Amino acid sequence: MTLFPFTLTENELTWDTSDWESAWDSGDNKEEEATSVEEVTTVQSAPWLQDCVVSLSPCSDLLVLAHDQKAAFLSAKWRSVDSGREEMTLAVSWTGTLSNDEGECVSSSICIPLASQKRSSTGRPDWTCVVVGFTSGYVRFYTELLHEDPVLRLKCRTYEIPRHPGVTEQHEELSILYPAALVTIDGFSLFQSLRACRNQVARAAAAGSDVIQPPPLAYKKWGLQDMETIVDHSSVGIMTLCVFDQMRNASILGGFNASVKGSPPAMCQYVTVGGGPYTGFYYAVEGSSQPLLSHVALAVASKLTSALFSAASGWLGWHKNKNEEEAVQKHKPKVEPATPLGIRFGLPDSRRHGESICLSPCNTLAGVTDDFGRVTLLDLARGICIRMWKGYRDAQLGWLQVPEERGDREFSPSSALPRRHALFLVIYAPRRGILEVWAMQQGPRVGAFTVGKHCRLLYAGYRLMGVNSVTSQGWQLHTQQVCLLDPITGVLRTVNIPFHLALSDKKSERAKDIHLFKRLTTLLRSREALESLLSNKNPPVSCLTNITCSLYDTLKQQDPEEVDDALLQFCSSQLKLLQLYTGIQNLHSAADTKTCSTNDSLDGIEEELSRVGPTLQRYSKLTLRPSVSFAQDSPDSPLPAQAFLSQMECTEEGELRVIRGSETEWNQLGNFMFWGCLSGKSPLHKVCDTLQQAGIGPQQLLSLLLSVWLQREKEVLQKPEETVRNLHTLLIALSNMKGAVEESWDPQSVSPWWQQVRSICIQSHNAAAALLAALVAHHAVKACITSRADSKLQSEWEAVSLELEQWVVCVRQLEDVLVLQTLLLVPPPQGAAGGAAAQCSIKTLLEGDSGCGGIADSVSKWVFRQNLAPDLKLNPQCPLCFPELLVAVCQRFPHSLSPDLLFAHCCWEYVVQWNKDPEEGQHLCWAVEHLRLVSSPHIQLGICTMMWSTFIVKRLSAAAYLMEKVTAYVKDMCSCVQDVGMGDKAMTSFLGCCVQLLQILMEADSAVEEVSAPELSVEEVWCGAEGPASIAELALEQRGVHYPLVQHHCLLASLLHAAMTFSLKVKPLSLFDSKGKNAFFRDLTTIQLMPSGDMDPGLVSLRQEVNPDILRRHIVCELYNQGLDLRAEEVMLEVEDKDVLGSQLLVLTGQRLSYSLLHSQSQTQAAMELLARLPPTLCTWLKAMDPSELRCPLVPLTQTSRLVGRLIEILPENHAQYSLALHLLEAVEALTTED
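Residues numbered from 1 in each chain as written. Predicted model: local features only at pLDDT ≥ 70, side-chain atom pairs only at ≥ 80, totals over all residues. Heavy atoms only, no water.

Per an unreviewed UniProt entry, the protein chain goes by the name RAB3 GTPase activating protein subunit 2 (non-catalytic) and belongs to Sparus aurata. Check the Subcellular location (unreviewed entry) section of the UniProt entry for the protein chain; it says "Cytoplasm". (UniProt positions renumbered as here; feature names shortened; annotations may be inferred.)

## Points about empty space enclosed by the protein
Empty space among the atoms becomes apparent when a probe as large as a water molecule is rolled across them. On inspection of all chains with the given rule, the structure shows five cavities of 30 Å³ or more. If you add up the space inside the largest cavity, you get close to 70 Å³. Contributing to the lining of the largest cavity are Leu 845, Leu 846, Gly 851, Cys 852, Gly 854, Ile 855, Ser 896, Val 1018, Glu 1019, Trp 1022 and Ala 1025. The set of elements that each furnish at least two residues to the lining of the largest cavity consists of helix 22 (842-847) and helix 23 (854-866). A breakdown of the residues in the lining of the largest cavity according to their chemical character gives seven nonpolar, three polar and one charged. (1 Å grid on protein atoms, 1.4 Å probe; cavity = no way out; pocket = protein on both sides within 12 Å on 5 of 7 lines; lining within 4 Å. Points joined across faces, edges and corners; volume = space filled by probe spheres on them. Helix = DSSP H or I, 4+ residues; strand = E, 2+ residues; numbered from the N terminus. Nonpolar A, V, L, I, M, F, W, Y, C, P; charged D, E, K, R; others polar.)

## Some words on the packing of helix 16 (residues 698-711) against helix 19 (residues 752-763)
Two elements in contact, helix 16 and helix 19, have axes whose closest approach is 11 Å; the angle formed by their N-to-C orientations is 25 degrees. As judged from the angle between their axes, helix 16 and helix 19 are roughly parallel. As helix 16 packs across helix 19, the resulting crossing turns out to be right-handed. Touching Pro 698, Gln 699, Leu 702, Ser 703, Leu 706 and Leu 710 of helix 16 are Trp 753, Gln 756, Val 757 and Ile 760, all from helix 19. (Axes fitted to C-alpha atoms, helices over the stretch in contact; angles between N-to-C directions. Parallel < 35°, antiparallel > 145°, perpendicular 65-115°, else oblique. Left-handed = near helix turned anticlockwise from the far one by under 90°. Contact = heavy atoms within 4.5 Å.)

## Considering the side chain of Arg 352
Within the element layout of this structure, Arg 352 appears in the loop between strand 18 (343-347) and strand 19 (354-359). According to the relative accessible area criterion, Arg 352 is buried, its value standing at 11%. At 2.9 Å, the side chain of Arg 352 and the side chain of Asp 349 are in polar contact. Reaching out from Arg 352, the side chain makes a polar contact with the side chain of Asp 370 at a distance of 2.7 Å. (Buried < 20%, exposed > 50% of the residue type's maximum accessible area, 1.4 Å probe, protein only. Polar contact = N/O pair within 3.5 Å; in protein donor to acceptor, adjacent residues only side chain to side chain.)

## Quick word on the pairing of strand 1 (residues 53-56)
Along strand 1, one buried face is formed by Val 53 and Ser 55 and the opposite face, lined by Val 54 and Leu 56, is buried too. Linking two consecutive strands that pair antiparallel, namely strand 1 and strand 2 (residues 62-67), is a turn of five residues; a positive phi of about 60 degrees is found at Ser 60 within it. (Pairing = 2+ DSSP bridges.)

## Concerning a nonpolar patch on the surface
A cluster of nonpolar side chains, namely Val 243, Met 247 and Val 260, defines an oily patch on the protein surface of about 260 Å² accessible area. If you trace the backbone, Met 247 turns up in helix 3 (residues 243-254). Here Met 247 falls in the partly exposed class, since its relative accessible area comes to 43%. (Patch = residues over 30% accessible without salt bridge, like charges linked within 9 Å, V, L, I, M, F, W, Y side chains within 5 Å. Areas by Shrake-Rupley, 256 points an atom, 1.4 Å probe, with all protein chains shown as cover. Salt bridge = Lys/Arg side-chain N within 4 Å of Asp/Glu carboxyl O.)

## Quick word on unusual backbone geometry
Pro 277 follows Gly 276 through a cis peptide bond whose omega is 0 degrees. Of note, Pro 277 is situated in the loop between strand 14 (266-275) and strand 15 (279-285). In this structure, the amide linkage connecting Met 440 to the following residue, Gln 441, adopts the cis form with an omega of -5 degrees. Along the chain, Gln 441 turns up in the loop between strand 25 (434-439) and strand 26 (445-450). Although it is not a glycine, Asp 394 adopts a positive phi angle of roughly 60 degrees. One can find Asp 394 in the loop between strand 22 (384-389) and strand 23 (396-403). Classification of Asp 394 by relative accessible area gives partly exposed; the value is 34%. Of note, Ser 1063 is a non-glycine position whose phi angle comes to about 55 degrees, a positive value. Residue position: Ser 1063 is located in the loop between helix 31 (1043-1061) and helix 32 (1074-1079). For Ser 1063, a relative accessible area of 27% corresponds to the partly exposed category.

## Brief notes about the nonpolar core
A general trend in soluble globular proteins is that nonpolar side chains are found buried together. With 176 residues, the main nonpolar core has Phe 644, Met 673, Ile 696, Trp 709, Trp 754 and Ile 943 as its most contacted residues. By residue number, the principal contributor to this core is helix 27 (residues 937-965), which donates 15 residues. Counting contributing residues per domain, this core is built from domain 2 (605-623 + 636-643 + 662-825) and domain 3 (842-1103), each supplying no fewer than three. Once residues lying within four places of it in the same chain are set aside, the contact partners of Ile 696 are Leu 580, Met 648, Leu 656, Val 658, Met 673, Leu 691 and Leu 701. (Core = buried A, V, L, I, M, F, W, Y, C linked by side-chain atoms within 4.5 Å. Domains from an automatic or database assignment.)

Take a look at the structure:
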């Protein structure tokens, strides 16, 4: 069953301006007669919305609809319509029943958004609390009974920034109206209680409980007297009377001899509407009576759960199983008595009954509706009626407070004063289906709109709760003042009124025209209009050029003294940019491909290309894997003129400068300028000449060229020879521009121009494109230096240059990075752990977080991603065969990737990954195996020590103490995960790895004296690496360990591993004395007091009392019990007391035969006949046997027959059970024969 005949599906947060123009009022302020409203209307649909309790959050993100016991919550969501436009909608997020007691219905509701307490908040609510009042008297956000009468109305007041000095700052408050009482709850106390209770509910839901203990809640309860009926109220807040009003009140109340206090008291004003009198004014003097404090403790007093949290748990995200809900106790808690509060005065009208009151945002005016169809405007400070409207039966009211627009004060003589605010009263007349807006206090009707006749006007009158003068600074409160909900269309509209409608009385049309004219004049006199036009994406570039050119010509023809120089210069610069954009666009679109080819000599580069060609091809295959990208991010998308203009600016000297924006915008501009030249589709020299004539600096052009070259790496590698030739031509052309390479440059020094190219290549993660750019630049520099040497020295000797040496180093580094990056790009097998492939560059390897070990660190991460075994066996599932890649990388980095360094980094990478997920015990096992492959004992010792102190010792300590305190097998305890951080299987593997690690540590400590410490070195071109010390360097810095202490821990680890492997119930720490216990889990480099090694005398005497033959017999029986007969026969040879062993084995043989004859699932007819032929004594004896004690009852009959034969051999003939053994032999032989 649904509560309403339809579901709201649309939320529209903007007003249609076409209705505004068509319904603009002409200024006729004549009041309509009441009879004119009494018209017969055609009901479009059932007026169900008028019977519902409706409340909307001021933030318009939550709408509550309630009727009787049912309610529906609608939350704001974004959705896409058919036109592709995003719009806000209100969708049903929860429906259900809110009432707990029989017969109670929802009578009022309110949505209070609570402000966020985070420093990063900008004014949006943290969450919204729904407060619901019921006819039973309950107000449920907490389940609390404040009064036993029905709840009439809920209202809220939140913090507002005082607009003028001297205005009393009002406190936040929630007020609840009952027929004869008014309860006010302090907003600060309520805010803290709601936040605390919400946190408790979240924690209780996570713990599977539904009992909460909310903090104390303070409220005041006033008994409103001297008024017959009360239906609505408004809490105006704290006010202070002037001295005259104070003296007047004292004279009226106390007579001629009344005394007057020195300072007026502060009072809280409450205004009520109803009957007898029509309107009542109440004043509660602050401090006159002690406010009532009710400390609500629900879990202790009545154990009532929150009605809202239980009913709307699905909407709020707090779910609770209905089967687990406890029955709510039906008795009501104690109700505090009300403090009597007499009426100060009222507006008597015996026939008139008030229906609702709506308080203005400034707390000085209030609108009151009555049963006569009148709307009355009250002056709350004076307590009088100042205006009345007729003909508004069942009217609904709201207020709009509109701040003055900033542009309106520029031409006002009072522009230095604070911003003014205009106040409007919104009246919705449902009988006529009209919405009117009236200016206050005596202003005209400034707007009238035709709407539906079944709408609801939603006016909250408050904003976010929890805001104060400190937290509200810098906030932009996104709240709506007045909204209109139309149930026919499901549209929620907001009402927005321009400020200028309050500027005049009878001339609203003229005020509007003057306002628009001032804005238009200001816009045209500034360059705002031109900037707005140029920033628009829709106009074509030809249109923009023509408009800018026309405006520029017009300004040039005017008197120079009347023309704004800034506007003229702006037009000139924008026109120059538009012409440049058009010129480049024309060169790219109308290029002759034949004239675009170049004939530069690239003899040296071609040799380099052939040398690095195989690596480039392999790199290209790995980078051409399919990937997802968005169409708007494609580098081939055209650059709009608006984007071009936003990235360029003209300096005062007439030169153009590129504005460095985001990386995407920079790459788009580079693509627009140079990609046509690089791909051979545009004339290179013409484009360079056009850019040079425009006045763009060569340094910025170089940066744009290299950015597009590096970005389009995939396209470059498809035709490397052609693109490299074009890059060489462009680089030479840019180098020959004025301001590029200084004429006074000495080849023995570093050129800033070529240093810029080197810096870009060093920082790039596109290894192949960076290497090709470096090869081109190296070739260009060599040619430039050679030409300068020929012109100056006329020598046949090749000039030696510092610039060339740096390029040699750069090219070598880029070749190394290319080979390394190619290896790192090899995709891991499916299902392997690890993230995306690492991106490396010269800068990251030289200045990365791993220091000198950055290369080995990158390879170790790749090894982990490939899931390679410690012996670096290659995975056969890899689509590419990369043994030669790994060999090539190791050959290029013989020092950085020496076996010891590579194994050390792999060990550390695996143990780090294991620490992230301890359940992956294989990672720790492979870390230990990698460590075992390190040949240097010094590095082994250091890595072991760091692994122990960083990852191992805490978990080993937790495992030892866990096994010490539990009373059952650790495998059966769920506390493994809680204490150690891993399950029982992973814990067993972990303890085994601990034993191996400590053994490796002891072996390394024994060998460090025999071998000298290794000297770590790096390749010559990579010697400038900076950053922290590598893993190997840290390992060599570790101190030596105390061998007995390591041995002591190894003994404990072995004991723990054995206990977990064989499921032994043992307390490991109790097996050591006090010295041994204190030495555990200490730093392995320190010297601790160790156990003496002497055995406990009691334990020695106990061991001496144990007969070894008893132990041997027990082992023989256990082996037979497990079905391991051959091993038992081997141990039987060492047993001395054969008679006792024979008696023990006789019982075990009887258990086996009893299982075969009596307890087996596959009993045969022959077995049953044999059982009947057995002697009664043997049959009774077999039935008394318990085969459940056998761990392996399914033993072949041949083994049992062999066991009976052994019994006959070891038992003497005079043994009491010899005859029983003979009967067993006959039974087994008969059973074997039958099988």
